[in-house]
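Below are the chains, spelled out letter by letter.
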Amino acid sequence: MSSDRVIELLRKGYEDEIETVMNYQTNAIILDGVRAEEVKESLQEDIHEELEHSKKLGQRLKQLDARPPSSMEFTARQESLQPPSDSTNVLAVINGVLDAEEDAISTYRELITAAEEADDPVTEDIAVGILGDEEAHRTEFRGFQKEYQKD
Ligand SMILES: [Fe+2]
Ligand SMILES: [Fe+2]
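Predicted, not measured: the structure shown is a model, and the values here were computed from it.

A. Just the overall build of the protein, in detail. A count of helical and extended segments in the protein gives 4 helices and 0 strands. Counting helices and strands in the order they occur from the N terminus, the protein gives α-α-α-α. The C-alpha radius of gyration computed for the protein amounts to 16 Å, which stays within 12% of the reference 15 Å derived for 151 residues, consistent with globular compactness. For the protein, the spread of C-alpha atoms along the three principal axes comes to 50 × 30 × 20 Å. Evaluated residue by residue, the protein yields a buried proportion of 45% over its 151 residues. A sequence separation of at least 24 residues applies to 81% of the contacts in the protein between residues at least 6 apart. Element-wise, carbon and sulfur atoms account for 49% of the exposed surface of the protein, whose accessible area totals about 8400 Å².

Written as C-alpha cells, this is what we have:
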C-alpha cells in the first residue's frame with residue numbers, strides 16, 4: 001500500500017486542480033477585448049482537463065482508502081492567478097496561468113517520485129499522465145506570453 005506522502009500529494013493535487021478550475025473560469029469570464037479571445041477559449045478548454053485531473057486524483061485516493069478534501073479544509077494558494085483589476089490585462093492572466101502550471105508540474109513530479117518510492121505504480125502512472133497534460137498547457141501559455149510580451 002501507498003505512503004502518507006503519496007496521499008498528501010494526491011490531496012494537494014486535488015485541491016490545486018479545483019482552485020485552478022475556479023480561477024481559469026473566473027478569468028475566462030472577466031477578460032475583455034478582441035485580443036483576449038484566444039486566451040479565453042484556451043482557458044475554457046483547459047478547465048475540462050483540470051476537472052478530469054481532479055476526478056482521477058480523487059478516485060485514486062478512494063482506492064487507497066483515503067478521501068479527497070472538501071471546501072472546509074481547503075487552502076487557497078493561487079495568489080498570482082487572481083483576476084486583474086484591469087480586465088484587458090491579458091498578460092497578467094497569462095503569467096498567473098504559467099505560475100499555476102509550474103506549480104502543478106512540480107507537484108506531479110514530486111508525486112511520481114513519492115509513488116515510485118512507495119512502490120505504487122498505479123499512482124505513478126496517473127501522475128505521469130497528468131504531468132504530460134500540464135506540460136502541454138505550459139507550452140501553450142508560454143506561446144501566448146511571447147506574443148503578448150512583444151507589445
Ligand atoms: Fe491539471
Ligand atoms: Fe494545467
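The structure having been displayed, the exposition proceeds.
B. Representation of the side chain of His 53. Tracing the sequence through the fold places His 53 in helix 2 (residues 37-63). Here His 53 falls in the buried class, since its relative accessible area comes to 2%. Side-chain polar atoms of His 53 contact the side chain of Asp 133, separated by 2.8 Å. With sequence-adjacent residues up to four places away left out, His 53 is seen in contact with Glu 17, Ile 130, Asp 133, Glu 134 and His 137.

C. Representation of the coordination of the iron ion (ligand 2). Protein coordination at the iron ion (ligand 2): the donors are Glu 50 (OE), Glu 101 (OE), Glu 101 (OE), Glu 134 (OE) and His 137 (ND1), at 2.0 to 2.3 Å from the metal. The sequence pattern formed by the donor residues of the iron ion (ligand 2) is E-x50-E-x32-E-x2-H. Metal-to-metal, the separation of the iron ion (ligand 2) and the iron ion (ligand 1) is 4.0 Å; Glu 50 coordinates the two. Placement of Glu 101 in helix 3 (residues 90-117) and of His 137 in helix 4 (residues 121-149) is noted, with a sequence separation of 36 residues between them.

D. Fine view of the nonpolar core. Residues Val 6, Leu 10, Leu 57, Tyr 108 and Leu 111 are the most contacted members of the largest nonpolar core, which totals 21 residues. Elements with a minimum of two residues in this core: helix 1 (4-30), helix 2, helix 3 and helix 4. Top element by residues in this core is helix 3. It accounts for 7 residues. Once you skip the residues sitting within four places of it in the chain, Leu 10 turns out to touch Leu 57, Arg 60, Leu 61, Leu 64, Leu 111 and Thr 123. Counting residues in each nonpolar core, the second largest holds 18 residues, with Ala 28, Leu 98, Ala 100 and Tyr 148 among its members.

E. Examining unusual backbone geometry more closely. For Asp 65, which is not a glycine, the phi torsion comes out positive at approximately 60 degrees. We classify Asp 65 as exposed; its relative accessible area is 74%. Although it is not a glycine, Asp 119 adopts a positive phi angle of roughly 55 degrees. With respect to the helices and strands, Asp 119 occurs in the loop between helix 3 and helix 4.

F. Seen up close, the coordination of the iron ion (ligand 1). The protein atoms that coordinate the iron ion (ligand 1) are Glu 17 (OE), Glu 17 (OE), Glu 50 (OE), His 53 (ND1) and Glu 134 (OE), at distances spanning 2.0 to 2.3 Å. Counting the intervening residues between successive donors of the iron ion (ligand 1) yields the motif E-x32-E-x2-H-x80-E.

Here is what the cut-offs are and how they apply
- Residue positions are given per chain, counting from 1 as you read along its sequence in written order.
- Ligands are numbered from 1 and chains lettered from A, in the order in which they are written.
- Whole-chain, interface and lining totals are the exception, using all residues; otherwise, since this is a predicted model, local features are given only for residues with pLDDT of at least 70 and side-chain atom pairs are given and counted only at 80 or more.
- Working from all heavy atoms in the structure, the side-chain values ignore hydrogens and water.
- Strands are runs of DSSP state E lasting at least 2 residues, helices are runs of H or I lasting at least 4, and numbering of each runs from the N terminus.
- Radius of gyration: C-alpha atoms only; globule rule: 2.2 Å multiplied by the number of residues to the exponent 0.38.
- For every residue, the accessible area (1.4 Å probe, protein chains only) is compared with the maximum for its type, and the residue is labelled buried under 20%, exposed over 50%, or partly exposed between those bounds.
- Contacts are assigned to residue pairs with any non-hydrogen atoms lying within 4.5 Å of each other.
- Only the protein chains shown count as cover for residues, and all accessible areas are computed by the Shrake-Rupley method using a 1.4 Å probe.
- Under the rule applied, a polar contact is a pair of N or O atoms within 3.5 Å (in protein, one hydrogen donor and one hydrogen acceptor; residues adjacent in sequence only if both atoms are side-chain atoms).
- Because water is not among the atoms used, a metal site may look incomplete, as its donors are only the N, O and S atoms within 2.8 Å, or 3.2 Å for Na, K and Ca.
- In these notes, a set of buried Ala, Val, Leu, Ile, Met, Phe, Trp, Tyr and Cys residues joined through side-chain atoms within 4.5 Å is what counts as a nonpolar core.

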